[in-house]
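Geometric and topological summary
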Amino acid sequence: MYSKGKYILFQTVLMIASPISSLFVSLRFYKNTISQIFFIIFAYYFGYYCGFVNDLMHHFVDMRNLYVGQSLKEVLGDERIYLLGSDLYHIAFKFILSRFTTSTQVFGGCACAVYAALFVFFIRQFKEFYKGSLSVPCTMLFVCTAVVIEYYRYQGLRFATGAFYFLAFYMKYVNTRNWRYLLLGSLCPLFHFSLITLPACAGVNWLLNRASIWTRLALLATSVFVRMQNVDFVPLLLKVVPIKYQIYLGIDVTDSRIRTSVLNHMADMRAYGNIFYRYRSSFLLLCGGAILFLFWRNKVPFDKRYRVLFYMFLTLYTVVNFCYGDLTFFDRFFQITLVLFYSYLFVVSVKYYDRLKHVNFLFMCMALIPMAYALLSPLIEEREYLFHWELLFGNFFVDWDGNALNFPYEWRFYIG
């Protein structure tokens, strides 16, 4: 492990023989850049064999029908390509890939690899904190930060990939206070239009930092009240946004019949969806709040350099509460909110661990609960797709396709 050449050779052999063994070694030596590269290679393997359970199949069919054999001018001139989003990322991704292949599995592998690359880019922003020896509870908080967003979100193709793009550059900004990184992060709407919420929140957060703390708390309290009323702001949004720009909002927002169906579906999900997954984000927020209280009781300072992370969490959480009426928006951005929250908890726990040593066992128990829940819940949720010998213990030479399992799209919300 002390020789880069030997480690690359060792990982190459593992990747060829048993990719999951390479994954475990990569996770064990996650600080090593070579391990991070092989993690991305494993992601390609995983995406190649794992069945599609989200929007990825829609994007693949879109590529096969509208991109293959078409020039860039013909693609951009076809209005049908914008039905799945007018964002540049998915158009560029499908156009480039269509030049080389029409394979479902290659499409899935590439989508997962790009997602994993941006995930690793985000994780590397914590390098100054994990480069040394981490205590067990600090490591647990680091794992929480990494697994708040479930791994299968890559199958949405656009949103979670763009979210990690923003989060990586935002952490760069927090670490360096260089506004260039914040501007680069503001390009995240190119992945998914709704991600414009994140740079907008960064701007609002900057303004709120210069206002009274009571202003921030009043807005937060108001947002909680609005959340309790379950207000749908989509009709107001359609009145504000000019018609020529409404295409960016998506057909599920602009088409009244589809919107009614979506609202009925959201009500059904909140009433009958599996509670184990439905309250996952709320439970993680509660656990994080308990850990924050432990910090306060043990006089952990409100770090001047990294408090911007906590304030950004509060700002985004306020916006998320206002948008509770839209389940998709709420669920997606609530998870990003939690990533910011646990990023702050991890950074502070590492910087001021000497203040927590005397409550190390309690700290470890409190961190274990959200870590175990966040880590295991997506594995249980997707168990019908995951636990197959060909996927877990196979390799690139196995002739198997997870899409042959052919589960319905919505099964995972109701499975017990």
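Residues numbered from 1 in each chain as written. Predicted model: local features only at pLDDT ≥ 70, side-chain atom pairs only at ≥ 80, totals over all residues. Heavy atoms only, no water.

Counted by the stated rule, this structure contains one cavity of 30 Å³ or more. Looking at the largest cavity, its volume works out to about 40 Å³. Around the largest cavity, the lining residues are Phe46, Cys50, Gly51, Val53, Tyr151, Tyr152, Tyr154, Gln155, Glu382 and Tyr385. Of the residues in the lining of the largest cavity, the class split is seven nonpolar, two polar and one charged. (1 Å grid on protein atoms, 1.4 Å probe; cavity = no way out; pocket = protein on both sides within 12 Å on 5 of 7 lines; lining within 4 Å. Points joined across faces, edges and corners; volume = space filled by probe spheres on them. Nonpolar A, V, L, I, M, F, W, Y, C, P; charged D, E, K, R; others polar.)

So, on to a nonpolar patch on the surface. On the surface, a cluster of nonpolar side chains totalling about 480 Å² of accessible area is made up of Ile16, Ile37, Ile41, Phe396 and Phe397. Looking at the secondary structure, you find Ile37 in helix α3 (residues 33–49). (Patch = residues over 30% accessible without salt bridge, like charges linked within 9 Å, V, L, I, M, F, W, Y side chains within 5 Å. Areas by Shrake-Rupley, 256 points an atom, 1.4 Å probe, with all protein chains shown as cover. Salt bridge = Lys/Arg side-chain N within 4 Å of Asp/Glu carboxyl O. Helix = DSSP H or I, 4+ residues; strand = E, 2+ residues; numbered from the N terminus.)

Within this model, the second largest pocket holds a volume of roughly 1300 Å³. Along its surface, the second largest pocket is lined by 39 residues, and Leu23, Leu27, Phe39, Val147 and Leu375 are the ones closest to its centre. Of all the elements in the fold, those that place two or more residues in the lining of the second largest pocket are α2 (19–28), α3, α7 (104–123), α9 (136–147), α21 (360–381) and α23 (389–392). Ranked by residues supplied to the lining of the second largest pocket, first place goes to α3 with seven residues. Counted by class, the lining of the second largest pocket contains 33 nonpolar, four polar and two charged residues.

Let us now look at the pattern of salt bridges. If the charged atoms of two oppositely charged side chains come close together, the side chains can form a pair. A complete count under the given rule lists seven salt bridges for this structure. Where Arg80 meets Asp78, a salt bridge forms, and the shortest distance between an N and an O atom there is 2.8 Å. Its salt-bridge partner being Asp331, residue Arg153 comes within 2.9 Å of it at the nearest N-O pair. Remark: Asp331 occurs in helix α20 (residues 327–351) and Arg153 occurs in the loop between α9 and α10 (159–176); sequence separation between them is 178 residues.

The full count for this structure, using the stated rule, is 55 aromatic pairs. Taking the centre distance of 6.0 Å and the plane angle of 40° together, the rings of Phe39 and Phe119 count as tilted. You can see Phe39 sitting in helix α3 and its partner Phe119 sitting in helix α7, a full 80 residues away along the chain. Assessed through its relative accessible area of 14%, Phe119 is described here as buried. Taking the centre distance of 4.3 Å and the plane angle of 5° together, the rings of Phe313 and Phe341 count as stacked. Of this pair, Phe313 sits in helix α19 (residues 307–322) while Phe341 sits in helix α20; the two residues are 28 residues apart in sequence, bridging distant segments of the chain. Across the pair, exposure class does not vary: Phe313 and Phe341 are buried alike. Above the plane of the ring of Tyr181 lies Arg180, whose end atom (NZ or CZ) is 5.1 Å from the centre. The residue whose ring lies beneath Arg332 is Phe159, and the NZ or CZ to ring-centre distance is 4.9 Å. (Phe/Tyr/Trp six-rings, centres within 6.5 Å; stacked < 30°, edge-to-face > 60°. Buried < 20%, exposed > 50% of the residue type's maximum accessible area, 1.4 Å probe, protein only. Lys NZ or Arg CZ within 6 Å of the ring centre and 35° of its normal.)

Take the nonpolar core next. If you look at the biggest cluster of nonpolar residues, it comprises 122 residues, and the most contacted ones within it are Phe122, Leu141, Tyr170, Leu195, Phe295, Phe333 and Ile336. Sorting elements by how many residues they give to this core places α20 first, with 15 residues. Setting aside anything within four residues of it in sequence, one finds Tyr170 in contact with Leu182, Ala202, Asn205, Val308, Leu309, Met312 and Leu340. (Core = buried A, V, L, I, M, F, W, Y, C linked by side-chain atoms within 4.5 Å. Contact = heavy atoms within 4.5 Å.)

Positionally, Phe329 belongs in helix α20. Sequence separation between Phe329 and Leu195 is 134 residues, and the spatial gap between their C-alpha atoms is 10.0 Å. For Phe329, the residues in contact, after removing those within four places along its chain, are Thr197 and Cys323.

Right, let's get into the confidence of the model for the protein chain. The predicted model of the protein chain has a mean per-residue pLDDT of 89, with 89% of residues at 70 or higher. Residue range residues 409–416 is modelled with pLDDT below 50. Its contacts to residues more than four positions away, or to other chains, number 29 contacts. (pLDDT = per-residue confidence, 0-100.)

Two elements in contact, helix α1 (residues 4–17) and α2, have axes separated by 5 Å at closest approach and are oriented at 140°. Accordingly, the angle class assigned to the pair α1 and α2 is oblique. On the side of α1, the interface is formed by Tyr7, Phe10, Gln11, Leu14, Met15 and Ala17, while α2 contributes Pro19, Ser21, Ser22, Val25 and Ser26. A per-class count over the contact of α1 with α2 returns seven nonpolar, four polar and no charged. (Axes fitted to C-alpha atoms, helices over the stretch in contact; angles between N-to-C directions. Parallel < 35°, antiparallel > 145°, perpendicular 65-115°, else oblique.)

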